Number of protein chains: 2
Amino acid sequence: MSRGYNFSAGPAALPEDVLRQAQAELLEWGSARASVMEISHRGKDFIALAEQAEQDLRDLLAVPANYKVLFLQGGATQHFAQIPMNFARRDQAVDYVLTGDWSEKAAKEAKPLARVRIAASAADSNYARIPARAAWDLDPTAAYVHVTPNETIRGVEFHEVPDTGAVPLFGDVSSTILSRPLDVSKYALLYAGAQKNIGPSGLVVMIVRDDLLERCPRDLPKIFNYAEHAAQGSMLNTPNTWGWYLAGLVFKWVKAQGGVVAMAEHNRAKAQLLYGYIDGSGYYRNPVEKSARSWMNVPFTLPREDLDAKFLEESEAAGLLALKGHRAVGGMRASIYNAMPLEGVQALVDFMKDFAARNG
Amino acid sequence: MSRGYNFSAGPAALPEDVLRQAQAELLEWGSARASVMEISHRGKDFIALAEQAEQDLRDLLAVPANYKVLFLQGGATQHFAQIPMNFARRDQAVDYVLTGDWSEKAAKEAKPLARVRIAASAADSNYARIPARAAWDLDPTAAYVHVTPNETIRGVEFHEVPDTGAVPLFGDVSSTILSRPLDVSKYALLYAGAQKNIGPSGLVVMIVRDDLLERCPRDLPKIFNYAEHAAQGSMLNTPNTWGWYLAGLVFKWVKAQGGVVAMAEHNRAKAQLLYGYIDGSGYYRNPVEKSARSWMNVPFTLPREDLDAKFLEESEAAGLLALKGHRAVGGMRASIYNAMPLEGVQALVDFMKDFAARNG
């Protein structure tokens, strides 16, 4: 057997160079005479690793000095709840923009914790577009506006950062972080589950503006209080050390590729190749408005549903893995995160052409 | 360089056989043609892994059928808060037995969430003993009684399960789980951070009696609700898949060693060797009452504090790693979890003898 081209939506493919390094040093990391998993997070070796990972992420995204970078646990879903716990009073408005299943979930988890308003929703289009900013119904007293800049399931993506004036903008960037430049200063808070473009699952990276941390309520249990995590350098308790380590290797890898500008070129080329072929095929179809298409997640359908099983079986046999679409959408989905090489997308397109010719 | 004997309190040493297997299959796990970190937690391959890990743990601890086994995130510390959120009303008494720093922290995190009572405390002995059960001041209306059967920092351990009558007993078994047989049926809830005897950090294993889950409040955000996690097979959101995988390998390894009965013999022998030497040395000292000494964490002091730095430098040079004691106790601490072989403890004792002879 050999490694396939892995189109999994998440946990997703990691750069092979990163995996090879992790494999080589799995039993003995640096001069530790132990695995990186077996050492104290409070020892000087791990602290150095942790600080370097943070610095590399700061470099990659040009994170301004007045933002903290946190390495947390719980998946983005936990933070769907923890964010209103920290930044909104129960009776305070919080504005959510619904562009797919993940923003819906974020709003739902916030409901017991604050007064959730739906400022805009593309549900009427079956999440095939991004609602125009001009049509958003924002509350100027809201604690924050929450957006999901890339929706993994529907494959829609904001290609511009919306202006929300004086109300802090929060973004769940799980499936777009590091795929292209990101103007951190336009957001008050960004967070991302690691398992798409950063590392393994079980790690969440958060970038949060200093002044916001003053809002964290003092009566919150410490472990849910972001200000406490920030004050302790994300070592309020034992962090996911393996996840932090791998994230650090991925940040180095992104730097070696030329940073997020180079990643954007790479990702744009992959997306253009795949959407271009789909649109011109007369066979496959992507339902998303062109201006809102995701660079990371490309859902597509075949002309007939009864071809799906055959497509999946044959694509997997050809080493093109995990193409099954989400049940909410059906058909196929190719997730083409940073770690997917252009050759992988080319191999997919070649397979799709051949499949279409054989099953016209 | 080569791997040392690693006495880290946690994240702690893993069985070398487990690390070698993880290393061998890091890039391609089973027939996945991808790393186990790169596949969907909802795919059949990972589901099979997850179910097997749960079954192996059930086998090892003879977990009764009316208990759920959960694989969660956040470290034990998060569950210090989440447990009262799920199982106590804000005005309801919850009884905590303080036997060291970790039970103190558990009680402290619960304070904003329930009416915390200290049913017993060994603080007056500087946590050198376990308070006698007869002297506990329990509230029969309490939502639960919380104990920490092994305290990592002070090195004290319950060698019997206390009877709390009709009030459910909860135990944080982070640093003792799988080290010896454990009568799950005497507890209503057990939980453990993985990073001592189970796997890497970032994973928490919880064993909870079915009927207790009916208490979980419906107005809790789903992600904090244990009943929701149980209903979803711990896949309410993306779990720590790497942690779950490694835990599964460790469970297999414990089975191959002969299970928890064999581990107990192994761990008793290691503890006897080390405490026996310390007590007879006339040089080193362990402050804990003999009946309350931990099999897993052995703190000891040298005759003079100014020898500590020399001891640490020379022990590390001899391949005996991470012996520095916790700052709350000073001196040294040898954590001798399941993965520590008897030869490692023998090497430590040999070094200690030699050091004492040279620094009398």
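Residues numbered from 1 in each chain as written. Chains lettered and ligands numbered in written order. Predicted model: local features only at pLDDT ≥ 70, side-chain atom pairs only at ≥ 80, totals over all residues. Heavy atoms only, no water.

1. Let's talk about the pairing of strand β4 (residues 115-121) of chain A
All names here are of chain A. Keep this limit in mind: Here, any two strands with at least 2 DSSP bridges between them count as paired. Strands here mean DSSP runs of E at least two residues long; helices mean DSSP runs of H or I at least four residues long; both are numbered from the N terminus. When the strands point away from the viewer and the path from the first strand over the helix to the second turns clockwise, the crossover is right-handed.
Across six bridges, the pairing between strand β3 (residues 93-98) and β4 is parallel. Pairing of leucine 98 across the sheet is with serine 121, part of β4. This β-α-β element, β3 to helix α4 (residues 101-110) to β4, shows right-handed connectivity.

2. Looking at the sheet that holds strand β4 (residues 115-121) of chain B
All names here are of chain B. This is how it is decided: For every element, the axis is a line fit to its C-alpha atoms; helices are fit only across the contacting stretch, and the angle between N-to-C directions ranges from 0 to 180 degrees. Should any heavy atoms of two residues lie within 4.5 Å, those residues are counted as being in contact.
On the basis of which strands lie adjacent, the open sheet formed by seven strands has the order β2-β10-β9-β8-β5-β3-β4 and mixed pairing. Both edges of this open sheet fall to β2 (67-72) and β4, since each of them pairs with a single strand only. On average, each strand axis in the sheet is tilted by 20° relative to the strand beside it, whichever way the strands run. Relative to strand β5 (residues 145-147), strand β3 (residues 93-98) is paired through two bridges, and the arrangement is parallel. Each bridged residue has a counterpart across the sheet, and for aspartate 95 the counterpart in β5 is valine 145. Contacts from helix α2 (residues 44-61) reach β2 and β10 (204-209) within the one sheet, and its direction differs from that of β2 by about 130°.

3. Concerning the packing of aromatic side chains
Two numbers describe a pair of aromatic rings. These are the distance of the centres and the angle of the planes. The following threshold applies: Each Phe, Tyr or Trp ring, with Trp reduced to its six-membered ring, pairs with another whose centre is within 6.5 Å; inter-plane angles below 30 degrees give stacked pairs, above 60 give edge-to-face pairs, and intermediate values give tilted ones. Relative accessibility thresholds used throughout: buried, under 20% of the residue-type maximum; exposed, over 50%; partly exposed, between the two (1.4 Å probe, protein chains only). To sit over a ring, a charge needs its Lys NZ or Arg CZ within 6 Å of the ring centre and within 35 degrees of the ring normal.
Following the criterion strictly, the structure yields 38 aromatic pairs over all chains and no others. Measuring from centroid to centroid gives 4.4 Å for tyrosine 144 of chain A and phenylalanine 170 of chain A, while their planes differ by 10°, and the two rings are stacked. Here the residue tyrosine 144 of chain A occupies a position in the loop between β4 and β5 (145-147), and phenylalanine 170 of chain A occupies one in strand β8 (residues 169-172), the gap between them amounting to 26 residues. Here tyrosine 144 of chain A matches phenylalanine 170 of chain A in class, with each residue buried. Seen in terms of ring centroids, phenylalanine 300 of chain A and phenylalanine 311 of chain A are 6.0 Å apart; in terms of plane orientation they differ by 75°. Their pairing is edge-to-face. Taken as a pair, phenylalanine 300 of chain A in strand β11 (residues 297-300) and phenylalanine 311 of chain A in helix α8 (residues 308-317) lie far apart in primary sequence, 11 residues in all. Side by side, phenylalanine 300 of chain A and phenylalanine 311 of chain A carry an identical accessibility label, which is buried. Each member of the aromatic cluster is reached from another via a ring pair, and the members are Tyr277, Tyr283, Tyr284, Phe300, Phe311, Phe351 and Phe355 of chain A. Here lysine 105 of chain B stacks its cationic end above the ring of tryptophan 102 of chain B, 4.9 Å away from the centre of that ring. Across the ring face of tryptophan 295 of chain B, the terminal group of arginine 180 of chain B is positioned such that the distance to the ring centre comes to 3.8 Å.

4. Description of the interface of chain A and chain B
Interfaces are often sized by the amount of accessible area the parts lose when they come together. We apply this condition: When two components associate, each loses some accessible surface as probed by a 1.4 Å sphere; the sum of these losses over both components is called the buried area. By definition, a salt bridge exists where a carboxyl oxygen of Asp or Glu is found within 4 Å of a side-chain nitrogen of Lys or Arg. Here a polar contact is taken to be a pair of N or O atoms separated by no more than 3.5 Å, where protein atoms must pair a possible hydrogen donor with a possible acceptor and residues adjacent in sequence count only if both atoms sit in side chains.
Contacts between the two partners involve 60 residues from chain A and, on the opposite side, 61 residues from chain B. Between chain A and chain B lies a buried interface of about 4,900 Å² when both sides are counted; carbon and sulfur atoms form 57% of it. Per-residue buried area on chain A facing chain B is highest for Leu27, Arg33 and Glu38 of chain A; these three make up 17% of the total on that side. For the pair chain A and chain B, the interface holds two salt bridges. The residue glutamate 38 of chain B makes a salt bridge to arginine 3 of chain A at a minimum N-O spacing of 2.8 Å. Between the two partners, chain A and chain B, sit 30 residue pairs in polar contact (both at pLDDT 80 or more). Elements represented by at least two residues in the side of chain A that touches chain B include exactly α1 (16-24), α3 (75-87), α6 (241-257) and α8 of chain A.

5. Focus: the relation of the copies chain A and chain B
Applied cut-off: Least squares is used to superpose the copies, and the fit set is the C-alpha atoms of residues whose pLDDT is at least 70 in both copies.
Rotating chain A by 180° about the axis while translating it 0.0 Å along that axis superimposes it on chain B, leaving an RMSD of 0.0 Å. Considering both components of the superposition, the chain copies are consistent with a two-fold axis. Measuring from the rotation axis to each C-alpha of chain A, the shortest distance belongs to glutamine 23 of chain A, at 2.7 Å. Interface residue correspondence from chain A to chain B reaches 100%, placing this contact among same-surface, isologous pairings.

6. Remarks on helix α3 (residues 75-87) of chain B
All names here are of chain B. Note the cut-off: By this rule the span expected of a helix is its residue count minus one, scaled by 1.5 Å. Working definition for bend: take the seven residues up to and ending at a residue and the seven starting at it, fit an axis to each, and measure the angle between the axes.
Given a rise of 1.5 Å per residue, 13 residues ought to cover 18 Å, and the 18 Å separating the end C-alpha atoms of α3 matches this to within 8%. Largest kink in α3: about 30°, centred on alanine 81, with the proline proline 84 one to four residues after it. The buried fraction of α3 is high, at 13 of 13 residues.

7. Examining the side chain of arginine 117 of chain B
All names here are of chain B. For arginine 117, the location among the structural elements is in strand β4. By relative accessible area, which is 18% here, arginine 117 ends up buried. Excluding residues that lie within four positions of it along the chain, arginine 117 makes contacts with Ala93, Val94, Asp95, Tyr96, Asp137, Leu138 and Asp139.

8. Observations regarding the UniProt feature "modified residue: N6-(pyridoxal phosphate)lysine" (unreviewed entry) in chain A
Residues and elements named next belong to chain A. As a reminder of what qualifies: UniProt positions are given in the numbering used here, feature names are shortened, and annotations may be inferred rather than shown by experiment.
Look at the UniProt record and you will see "modified residue: N6-(pyridoxal phosphate)lysine" (unreviewed entry) annotated at Lys196. The topology assignment puts lysine 196 in the loop between β9 (189-193) and β10 (204-209). If near-sequence neighbours (up to four positions away) are discounted, lysine 196 is found in contact with Ala9, Gly10, Ala12, Ala13, Thr152, Ser174, Ser175 and Tyr337. In this structure the side chain of lysine 196 is engaged in a polar contact, spanning 3.0 Å, whose partner is the backbone oxygen of alanine 9.

9. Overview of the packing of helix α2 (residues 44-61) of chain A against α6 of chain A
Residue and element names in this part refer to chain A. Basically, it comes down to this: For classification, angles of less than 35 degrees are called roughly parallel, those exceeding 145 degrees roughly antiparallel, those between 65 and 115 degrees roughly perpendicular, and all remaining angles oblique. By convention, the crossing between two helices is left-handed when the near helix turns anticlockwise from the far helix through less than a right angle, and right-handed when the turn is clockwise. Residue polarity follows a fixed list, in which Ala, Val, Leu, Ile, Met, Phe, Trp, Tyr, Cys and Pro are nonpolar, Asp, Glu, Lys and Arg are charged, and the others, Gly among them, are polar.
Contact pair α2 / α6: the axes reach a minimum separation of 9 Å and the direction vectors enclose 40°. In terms of orientation, α2 lies oblique with respect to α6. Crossing angle aside, the handedness with which α2 passes α6 is left-handed. Mapping the contact onto sequence places Phe46, Leu49, Ala50, Gln52, Ala53, Asp56, Leu57, Asp59 and Leu60 in α2 and Thr241, Trp244, Tyr245, Gly248, Phe251, Lys252, Val254 and Lys255 in α6. In terms of residue class, the contact of α2 with α6 is built from 10 nonpolar, three polar and four charged.

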